[in-house]
Amino acid sequence: MREPDPVDAHVGRRLGEARTIATRSRAAVAKAVGISAEQLRKYELAIDRVSASRLFALAQELKRPLDWFFSGLEAAPGVAEERATPDDGDVHARTRRLIAGFRELSEDTQNELLMRVEGRGEDI
């Protein structure tokens, strides 16, 4: 099996993050854009490349601008490389859990936590 292109892997991870942020299941998002949940999983894991038209449809469904899926990539002349760390998978898993937990909080608690994280409140 081929190693996925770093850009494809990055876009796939960002697709999964966008879906998590939107608190949408793979099945629901896939149905909305006319693909199977399995195909969406393959996009998220960079097993299959997502076409520009499909990414556009997914971005609209998940209410994200197209450039959001490429955010975090560093581009060298003629080459796009992902900024990766050894624990990149763990970071993304923690981010998804954090986002899911944050969405469960009341709006007041969310605002209070944001103020603290942004340094405008007491230390955490």
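Report follows, based on the coordinates. Treat the numbers as computed from the prediction; the structure is a model and nothing was measured.

The rules behind the values
Residues numbered from 1 in each chain as written. Predicted model: local features only at pLDDT ≥ 70, side-chain atom pairs only at ≥ 80, totals over all residues. Heavy atoms only, no water. Helix = DSSP H or I, 4+ residues; strand = E, 2+ residues; numbered from the N terminus. Buried < 20%, exposed > 50% of the residue type's maximum accessible area, 1.4 Å probe, protein only. Areas by Shrake-Rupley, 256 points an atom, 1.4 Å probe, with all protein chains shown as cover. Phe/Tyr/Trp six-rings, centres within 6.5 Å; stacked < 30°, edge-to-face > 60°. Lys NZ or Arg CZ within 6 Å of the ring centre and 35° of its normal. Axes fitted to C-alpha atoms, helices over the stretch in contact; angles between N-to-C directions. Parallel < 35°, antiparallel > 145°, perpendicular 65-115°, else oblique. Contact = heavy atoms within 4.5 Å. Nonpolar A, V, L, I, M, F, W, Y, C, P; charged D, E, K, R; others polar. Salt bridge = Lys/Arg side-chain N within 4 Å of Asp/Glu carboxyl O. Patch = residues over 30% accessible without salt bridge, like charges linked within 9 Å, V, L, I, M, F, W, Y side chains within 5 Å.

A short note on the overall build of the chain
- Scanning the chain from terminus to terminus reveals six helices and two strands.
- Residues counted as buried form 27% of the 124 residues belonging to the chain.
- Taken as a whole, the chain presents about 8300 Å² of accessible surface, with 52% of it coming from carbon and sulfur.

Points about the packing of aromatic side chains
- Scanning the entire structure with this criterion turns up one aromatic pair.
- Plain terms: the ring middles of Trp 68 and Phe 69 are 5.4 Å apart, the flat faces sit at 85° to each other, and that makes the pair edge-to-face. One exposure class covers both Trp 68 and Phe 69, and it is buried.
- Sitting above the plane of the Trp 68 ring, Arg 14 keeps its charged end 3.6 Å from the centroid.
- Stacked on the ring of Trp 68, the Lys or Arg Arg 64 has its end atom at 4.8 Å from the ring centre.

Notes on the packing of helix 2 (residues 26–33) against helix 3 (residues 37–44)
- Contact geometry for helix 2 and helix 3: axes closest at 8 Å, N-to-C directions at 105°. As the angle between them shows, helix 2 and helix 3 are arranged roughly perpendicular. Seen from helix 2, the contacting residues are Arg 26, Ala 27, Val 29 and Ala 30; seen from helix 3, they are Ala 37, Leu 40, Arg 41 and Glu 44.
- The class makeup of the residues in the contact of helix 2 with helix 3 is five nonpolar, no polar and three charged.

Topic: the packing of helix 1 (residues 6–21) against helix 3
- Look at helix 1 against helix 3: their axes get within 7 Å of each other, and the N-to-C directions meet at 125°. In terms of axis orientation, helix 1 runs oblique to helix 3. Every residue of helix 3 that contacts helix 1 at Gly 12, Arg 13, Leu 15, Gly 16 and Arg 19 is listed here: Leu 40, Tyr 43 and Glu 44.
- Looking at the contact of helix 1 with helix 3 residue by residue, the classes come out as three nonpolar, two polar and three charged.

Quick word on the pattern of salt bridges
- On inspection of all chains with the given rule, the structure shows seven salt bridges.
- With a closest N to O distance of 2.9 Å, Glu 44 and Arg 26 form a salt bridge. Of this pair, Glu 44 sits in helix 3 while Arg 26 sits in helix 2, and the two are 18 residues apart along the sequence.
- With relative accessibility at 6%, the residue Glu 44 sits in the buried group.
- With its nearest N and O atoms 2.7 Å apart, the salt bridge here joins Arg 41 to Glu 38. Here Glu 38 and Arg 41 lie together in helix 3, a separation of three residues that amounts to about one turn.
- The exposure class assigned to Glu 38 is partly exposed, which follows from its relative accessible area of 39%.
- Within this structure, Arg 19, Arg 26 and Glu 44 form a network of salt bridges that share partners.

What about a nonpolar patch on the surface?
- Together, Leu 105, Leu 113 and Val 117 make up an exposed nonpolar region whose accessible area comes to about 230 Å².
- By the element assignment, Val 117 lies in helix 6 (residues 107–117).

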